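Close look at the chain arrangement
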Amino acid sequence: MTTEDRYQFQEAESRLQARWAELGIYQCDPQAAGPIFSVDTPPPTVSGHIHIGHVFSYTQADIVIRYHRMRGERIFYPFGFDDNGLPTERFTEQSIGISARAIGREAFIRACLARSAEVEDQFEHFWKRLGLSVDWRLRYSTIDDRCRRLVQADFLDLYARCLVTRRQAPTLWCPECATALAQADVEDREDVASSFVTIRFTTSDGRVIPIATTRPELLAACGAVFVHPDDPRYADLIGASALTPLFGQAVPVLADREAQPEKGTGAVMCCTFGDATDVRWWREHRLPLRVAITAEGRMTDLAGSYAGLSIPAARVRAIADLDAAGLLTERRQMSHSVGVHERCGTPVEFQVADQWFIELLSRREHLLEAGRRIAWHPDYMRARYESWVRGLAWDWCISRQRYYGVPFPVWYCEQCGTPILARVEDLPLDPTTSAPPAPCPACGGETFRPDPDVMDTWATSSLSPLICASFARDLGMTEEDATACLSPMSVRPNAHDIIRTWDFYTIARHALRDEEAPWRHLMIAGHAQDPAGRKLSKSKLKAAEDPLAVLDRHSADAVRYWTAGARTGADTVMSEDAFRQGKRLVTKLWNAARFMALRAPTAMSEPATRRLSDRWLSHELGRAIEQATIAMDAYEPAAARAAVERFFWSDFCDIYLELVKSRLAGHEADSGFRSAAWTLRETLLAVLKLLAPFLPFVTEDIYLRDFAALDRIQSIHLAPWPDSRRYPSDSEAERAGTAMRAVVEAVRRWKAERNLSVGASLARLVVGAQPNVAPLLEAMADDLRGITRAEHLAVVPDEGAATLVEIVSK
């Protein structure tokens, strides 16, 4: 029995975690009955500490997953770690103070593997403390043999179907990380301060073309000047040549409708490359390639006296030289948007090199349709996905010039350059340490060069449904069940910031295989924010926001309570008040269970007849169950929690427990006692089950002590979700309860106005009620006397609503 005065969450959480692990409570049983509910949970990037933002989104998902387990579904819930690629490389470099280039490929990979394993163990320990109901047998990392084999095999399949190609093309590039990027790796940084200068270009006959730019350091890379064909200022210059300031090379003046007359001076220099428009003009107008910036972000020999300078230094020097030469007509400071690498904040450039690309641009409509086959929660989040698809400007560059990632299973013939692909049966492999199938099928050559690049981290994690499905077969599921885990998976939960990356890329990979959508449902979480409204992340972690410290201070249940306070997709502020409210709910549950254990300790069958107050509570319970079930089915745990809390606090605690105290003080043989005791136990058990997904620890502790022996179920989390049909609508009890509540609230107001305590005794209480309600209140007279502390109570006819006629205090 739950008779301890206080709930000790530190002891209980540790004890229950161990019990769940020992009994395998959350393990997927391939032989069990029930439909499969499969979860493609986001593998967190191994690039730092766990933060409150992690807690928020992962817990919201776990609440819904626990609900589906209680609905009798077999939960297939693997958990992965996205521990390859640039994020993990940078984390390793920064955390142990080494440089990948300095120590070399093999040593750096070993360091990344060791650091990843250490962090992943810490993550797993934390997730268990938080109460995530993961099947930890199904843990994977995107760099392990399983994942590398699947990813490399999928690459070979894409290659065979001509959906991935290697070509030399201008590619988004990070000079700091020295690697190619995909469009999704770039974010816009607003309000970047810059010098906006107007430069004098001149034609061969001395006419001036003013050009405004923020990138004067790229003058050496200028290949043309563009104007709008209908701009009268420059109509007679189209087809002429202009001389580049400082460098003196002749470039053509060309017309293109992409030039904007109202922007700057209306004339634009096209350099290879300053932005995406330069790339498009270079390609469409067949301009010369002039490379002025190295892969490390320094000026090349093409830049003359600026060679070797960093980009910012070259910009400052160029502006000074233009001014000194009288070629600068205007200069002003401005703020504008600049594309930066989201991982390091460095402004992106463009480099031309051989890269691997997955073709996406020609498949926009197919990708849009694939996104529409998924139920998005909330639905409006699909617009973000569709906006991203429509705004695609590049095919997906999946190659990275780094060390730690899934290698491309490819070699190149030294004699003819033909790519040699690995055999599927040899996967996984690293071409830098493995020999290719020989000889070259094109020329017979026997010397080969391994592809040194690795895949973009999203190229591996975008196959997470395929990775998860491989576990289904490992568990010994039937082929039918294994297929059900994948085609499609039930749900993917993630925050809205990775719709354009993880969601988009996974949908794209499935669309490329002409399969249906990867999941039936997408549950999108918002962000956790600090009190100033800023997103909480590992880079902004403060001591007060350390999730381990928060768990130690408030309990896992209280923290989970906070996460369920925001509707799906909405951001929420990390709130100490919400944590305290969660602790208050935990304490109230514990006290309610203690009250039950002390006053209604015996199990009994449902009485043949029940008092009106007890029927009213069951009626309200049925409504709460129905509301919570509808909300959970709609992936709205916040609405479900609100429905249950309203019932628990208002109907159960504030009213019902006070109503039945006097009855529960009587003899167990009394019908009033039996009706109250049965209702109390039945209701509390239902409330525990309704709150179990939100507060898994305290509900389990109470259940094991007070209910499990009778239920003969090992855990509340394996118990069935309450069925509202067990508590049908009762119109008579509802009318009685409405009138009773009005009386109770009126008495409490009367006492508060006179500074009397709620428990203050009354000598006499007269209640007026309509004729059809008065008999109901009379039937509840004993309970009303108990809750109002009235020695004498009378009910008189009244045409109005239930109200107070007379109160006499003692």
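Here we summarise the structure given alongside this text. (Residues numbered from 1 in each chain as written. Predicted model: local features only at pLDDT ≥ 70, side-chain atom pairs only at ≥ 80, totals over all residues. Heavy atoms only, no water.)

Considering the pattern of salt bridges
The condition that has to hold: By definition here, a salt bridge exists when the distance from a side-chain nitrogen of Lys or Arg to a carboxyl oxygen of Asp or Glu is within 4 Å. In DSSP terms, a helix is any run of H or I states spanning at least four residues, a strand is any run of E spanning at least two, and both are numbered starting from the N terminus. Working definition: with a 1.4 Å probe on protein chains only, accessible area under 20% of the residue-type maximum means buried, over 50% means exposed, and in between means partly exposed.
One pass over the structure, following the stated rule, counts 61 salt bridges. A salt bridge links Arg-402 to Glu-89; the nearest nitrogen and oxygen atoms lie 2.5 Å apart. Of this pair, Arg-402 sits in the loop between strand S17 (399–400) and strand S18 (410–413) while Glu-89 sits in helix H3 (residues 86–96), and the two are 313 residues apart along the sequence. The exposure class of Arg-402 is buried, given its relative accessible area of 8%. Residue class for Glu-89 comes out buried when judged on its relative accessible area of 0%. For Glu-217, the salt bridge identified is with Arg-315, shortest N-O distance 2.9 Å. Taken together, the residues span a long stretch of sequence, with Glu-217 in the loop between strand S8 (208–213) and strand S9 (222–227) and Arg-315 in helix H8 (residues 311–324) at a distance of 98 residues. Residue classification places Glu-217 among the buried residues on the basis of a relative accessible area of 3%. Overlapping salt bridges, with partners in common, bring together Glu-120, Asp-121, Glu-124, Lys-128 and Arg-139 in one network.

Details of the nonpolar core
Here is the rule: Among the buried residues, those of types Ala, Val, Leu, Ile, Met, Phe, Trp, Tyr and Cys that are joined through side-chain atoms within 4.5 Å form a nonpolar core. Throughout, a residue-residue contact means that at least one pair of heavy atoms, one from each residue, lies within 4.5 Å.
The biggest cluster of nonpolar side chains holds 128 residues, and the ones touching the most others in it are Trp-127, Leu-589 and Phe-652. Counting residues per element, this core draws most heavily on helix H19 (residues 637–664), at 13 residues. The contact partners of Leu-589, leaving out residues within four places of it in the chain, are Phe-648, Leu-684, Val-687, Leu-688, Leu-691, Leu-695, Val-698, Thr-699 and Ile-702. The next biggest cluster of nonpolar side chains, apart from the first, holds 73 residues, and it includes Leu-158, Ala-370, Phe-504 and Ala-511.

Describing the packing of helix H18 (residues 612–633) against helix H20 (residues 671–691)
For the record, the criterion: Fitted lines through C-alpha atoms give the axes, limited to the stretch in contact for helices. The angle between two N-to-C directions lies from 0 to 180 degrees. Angles are sorted into four bins: roughly parallel if under 35 degrees, roughly antiparallel if over 145, roughly perpendicular if 65 to 115, and oblique for all others. Note that Gly is not counted as nonpolar here; it falls among the polar residues with everything else outside the nonpolar set of Ala, Val, Leu, Ile, Met, Phe, Trp, Tyr, Cys and Pro and the charged set of Asp, Glu, Lys and Arg.
Contact pair H18 / H20: the axes reach a minimum separation of 10 Å and the direction vectors enclose 10°. By the angle between their directions, the pair H18 and H20 is classed as roughly parallel. Residue-level inspection shows Asp-614, Leu-617, Ser-618, Leu-621, Ile-625 and Ala-628 of H18 in contact with H20, the latter providing Ser-675, Ala-676, Thr-679, Thr-683, Ala-686 and Leu-690. Tallied by class, residues from the contact of H18 with H20 come to seven nonpolar, four polar and one charged.

A short note on the packing of helix H12 (residues 464–474) against helix H13 (residues 479–486)
To be explicit about the condition: What makes a crossing left-handed is the near helix being turned counterclockwise from the far one by less than a right angle; a clockwise turn instead makes it right-handed.
Relative orientation of the contacting elements H12 and H13 amounts to 160°, with a least axis distance of 8 Å. With respect to each other, H12 and H13 are oriented roughly antiparallel. Between H12 and H13 lies a crossing of right-handed hand. Residues Pro-465, Leu-466, Ala-469, Ala-472 and Arg-473 of H12 form the contact with H13, whose participating residues are Glu-479, Ala-482, Cys-485 and Leu-486. Across the contact of H12 with H13, the residue classes tally to seven nonpolar, no polar and two charged.

Keep in mind these numbers describe shape, not what the thing actually does.
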